[in-house]
Amino acid sequence: MSFQPVAKLSEIPEGTTHKVVVGRHAVLLCNVGGQIFAIEDVCTHDGGELDQGELEGTRIMCPRHGAFFDVTTGAALTPPAVMPVATYRVRIEGDDVCVDG
Amino acid sequence: MIAPESLVEDYRHGFHDSEDSYAFKSAKGLTREIVERISSMKSEPAWMLAFRLKAYETFRAKPMPDWGDTALLNEIDFDDIRYFVKASEGTERSWDDVPDDIKRTFDRLGIPEAERKFLSGVSAQYESEVVYHSVREDLAKDGVIFCDMDTALREHPEIVQKYLSTVIPIADNKFAALNSAVWSGGSFVYVPPGIEVKTPLQAYFRINTENMGQFERTLIIADKGSKVHYIEGCTAPQFSTASLHSAVVELIAMEGASIRYTTIQNWYRNIFNLVTKRALAYKNATVEWVDGNIGSRLTMKYPAIYLMGEGARGEILSMAFAGEGQHQDAGAKVIHVAPNTTSVVTNKSVTAHGGKTTYRGLVEIHKGATGAKTRVKCDALIMDDKSSSDTKPTMKIDEQLSTVEHEASVSKIGEEQLFYAMSRGLSEADATAMIVNGFFDFFVKELPMEYAVELNRLVKLEMEGAVG
């Protein structure tokens, strides 16, 4: 595992998300109050893409069936999802957002 | 053989009252303005208006389901439905204050009888809002809250805001989004920790205005170690064009709590009944759905239980009858998330006069739900060559250390059984009704007496001329 730069911090304003590919995984970078969190961009319920959903505070909604996840922990907050999404460690180096993939 | 037309004529709830005295009736079709109007007429807090508007956008954006009986589903004309009808000003406190024409309708449905018997607190929904509601004093004394959802939002906004839509999110499906946008009425129940509600809570639903969608929203929270049984029965009068019923029911059984939710659905046969029902059961909690589907044109309903905590238990008992022109697409979903969770699903259906039933079920056992056990049984009885039944059980098992049983059967009514019963002096219709009632016995015996009697009577009516 190693950190690699995947995006520029300036590309992800507060309250928005940014989708990147790390290795073979789609990863969603979420800016919550200036801090970047990274989760796998796949809903654990039905495989929906979370980047199509809205980020509200620390929660993101999968648009397919409305399940919410906490982007800071990956936890599933409401059905129909029950399993957490994978999370990735994030390090900021200058303007580079680096993800431990 | 009894003709379907005469069944329609004989339908005992096929009457409707004059609609002239209605306090407010929205225009047909759904717009942002109607959603705003509903919210402002109910003097709702800003967060609820925001919730409704978000749901409205979600409803607009979501496609119709591309599975199930799509041909029937696509007959729904969303622009030809009234989304809100207010029958009278405010919720009446005492039976005497209920307007006479509404009372007459309830009289025919037997509500006052249930009241006289004092079996339980009765909350009766007429059109979009609850007009009559009596809360038994001992319920209130124990801290049990049982009221309509609109009252709950006014008097207990903090509980409603905390739990509403946490079991069924707005975007769960198109009809859950629609309900979230225009919901009105429905029941709210909160049972405090350790309290056992000994008699069932009852609510009655009924559609009257032609082309009116009824969108009740029910939320039941059983706090730690409490116990409650809620009964919902539906009947609706006769109309010529299709009407839509789309409810959302959310149940939360906290640690050690127990909820049983019984439904007898007997909508008139032009009604689309598209309902989302889901329960969360935490550690050692029990949730039981007892679900009977007799009426409606198309029902799509799959009561679900999420077994979230260790030792949680879920049971879904359902029966369906489909006659001419009807499709009962019903089933059950159980999601085992935690270890040592158990579930039982029993579904039985009867089709006659060209009706159709579908059992559509899902059992999921997630990784880590070690020791989970589930048993699924579905039986179908097909009365004639024109009728059909499909069974579509899905099982997703991700945990090796679990036990899964499934059995299904499809059969015709036994001619030998019929012959034997008739040789004892029963008419063919009586013999058939007796055998079908026996088939549904597992379900009927779980019902309170009045419902059991009514259901047996209904089955008998439906079975007339079913074999020929």
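Keep in mind the model is a prediction, meaning the values are calculated, not measured.

(A) Structural view of the overall build of chain B. A tally of helices and strands in chain B yields 14 helices and 23 strands. The buried share of chain B, reckoned over its 468 residues, is 62%. Within chain B, contacts between residues at least 6 apart in sequence are counted, and of these 84% link residues at least 24 apart. Summed over all atoms, the accessible surface of chain B reaches about 17700 Å², with 50% contributed by carbon and sulfur.

(B) Representation of the sheet that holds strand E5 (residues 55–56) of chain A. Overall, antiparallel pairing links the 3 strands, which are arranged E5-E6-E7 (chain A) in an open sheet. Whereas interior strands pair on both sides, the edge strands pair on one side only; in this sheet they are E5 and strand E7 (68–70) of chain A.

(C) The arrangement of the environment of Glu450(B) in detail. Residue and element names in this part refer to chain B. By the element assignment, Glu-450 lies in helix H14 (residues 449–463). A residue is classified by how much of its surface remains accessible, and Glu-450, at 27% relative accessible area, is partly exposed. Between the alpha carbons of Glu-450 and Trp-183 there is a distance of 29 Å; along the sequence they are 267 residues apart.

(D) Broad picture of the interface of chain A and chain B. Between chain A and chain B, the residue contacts involve 14 residues of the former and 15 residues of the latter. Here chain A and chain B share an interface that buries about 1000 Å² over both sides, 62% of which is from carbon and sulfur atoms. It is Pro79(A), Val82(A) and Met83(A) in chain A that bury the most area against chain B; as a group they hold 47% of the surface buried on that side. The interface formed by chain A and chain B contains 1 salt bridge. Glu56(A) is the salt-bridge partner of Lys54(B), the closest N and O atoms lying 2.8 Å from each other. Taken together, the links from chain A to chain B amount to 5 residue pairs in polar contact (both at pLDDT 80 or more). By residue class, the composition of the side of chain A that touches chain B is 8 nonpolar, 3 polar and 3 charged.

(E) Region of the structure containing the sheet that holds strand E8 (residues 87–88) of chain A. With antiparallel pairing, 4 strands are arranged side by side in an open sheet as E2-E3-E4-E8 (chain A). The strands lining the two open edges of the sheet, one partner per strand, are strand E2 (17–22) and E8 of chain A.

(F) Geometry of the packing of aromatic side chains. Under the counting rule described, the total for this entry stands at 9 aromatic pairs over all chains. With 5.6 Å between their ring centres and 15° between their planes, Tyr83(B) and Phe215(B) make a pair best called stacked. Here Phe215(B) lies in the loop between strand E7 (201–206) and strand E8 (217–222) and Tyr83(B) lies in the loop between helix H4 (70–73) and strand E2 (85–86), a separation of 132 residues in the sequence. For Tyr83(B), a relative accessible area of 1% corresponds to the buried category. The interplanar angle of 35° and the centroid separation of 5.0 Å between the aromatic rings of Tyr230(B) and Tyr261(B) together place this pair among those described as tilted. Of this pair, Tyr230(B) sits in strand E9 (residues 227–235) while Tyr261(B) sits in strand E12 (residues 258–266), placing them 31 residues apart in sequence. Considered together, Tyr230(B) and Tyr261(B) belong to a single accessibility category, that of buried residues. Chaining the aromatic ring pairs together yields one cluster made of Phe146(B), Tyr230(B), Tyr261(B) and Trp289(B). Stacked on the ring of Phe3(A), the Lys or Arg Arg91(A) has its end atom at 4.0 Å from the ring centre. Directly above the aromatic system of Trp183(B) lies the positively charged group of Lys42(B), at a separation of 5.8 Å from the ring centroid.

(G) Representation of the packing of helix H11 (residues 415–423) of chain B against helix H12 (residues 428–439) of chain B within the structure. Residues and elements named next belong to chain B. Here H11 crosses H12 at 125°, and the two axes come no closer than 9 Å. Taken together, H11 and H12 sit at an angle that is classed as oblique. In terms of crossing hand, the pair formed by H11 and H12 is right-handed. Along its contact with H11, which presents Gln-417, Leu-418, Ala-421 and Met-422, the element H12 presents Glu-428, Ala-431, Thr-432, Met-434 and Ile-435. Among the residues forming the contact of H11 with H12, the class breakdown is 6 nonpolar, 2 polar and 1 charged.

(H) Highlighting the pattern of salt bridges. For the structure on display, the rule yields 29 salt bridges over all chains. Here the salt bridges share partners, and the residues they tie into one network are Arg260(B), Glu288(B), Arg313(B), Glu315(B) and Glu446(B).

(I) Summary view of the confidence of the model for chain A. On average, residues of chain A carry a pLDDT of 93, and 99% of them reach 70 or more. The weakest mean pLDDT in chain A belongs to strand E1 (residues 3–8) of chain A at 90; the strongest belongs to E7(A) at 97.

Parameters and conventions
- Residues numbered from 1 in each chain as written.
- Chains lettered and ligands numbered in written order.
- Predicted model: local features only at pLDDT ≥ 70, side-chain atom pairs only at ≥ 80, totals over all residues.
- Heavy atoms only, no water.
- Helix = DSSP H or I, 4+ residues; strand = E, 2+ residues; numbered from the N terminus.
- Buried < 20%, exposed > 50% of the residue type's maximum accessible area, 1.4 Å probe, protein only.
- Contact = heavy atoms within 4.5 Å.
- Areas by Shrake-Rupley, 256 points an atom, 1.4 Å probe, with all protein chains shown as cover.
- Pairing = 2+ DSSP bridges.
- Buried area = accessible area lost by both parts, 1.4 Å probe.
- Salt bridge = Lys/Arg side-chain N within 4 Å of Asp/Glu carboxyl O.
- Polar contact = N/O pair within 3.5 Å; in protein donor to acceptor, adjacent residues only side chain to side chain.
- Nonpolar A, V, L, I, M, F, W, Y, C, P; charged D, E, K, R; others polar.
- Phe/Tyr/Trp six-rings, centres within 6.5 Å; stacked < 30°, edge-to-face > 60°.
- Lys NZ or Arg CZ within 6 Å of the ring centre and 35° of its normal.
- Axes fitted to C-alpha atoms, helices over the stretch in contact; angles between N-to-C directions.
- Parallel < 35°, antiparallel > 145°, perpendicular 65-115°, else oblique.
- Left-handed = near helix turned anticlockwise from the far one by under 90°.
- pLDDT = per-residue confidence, 0-100.

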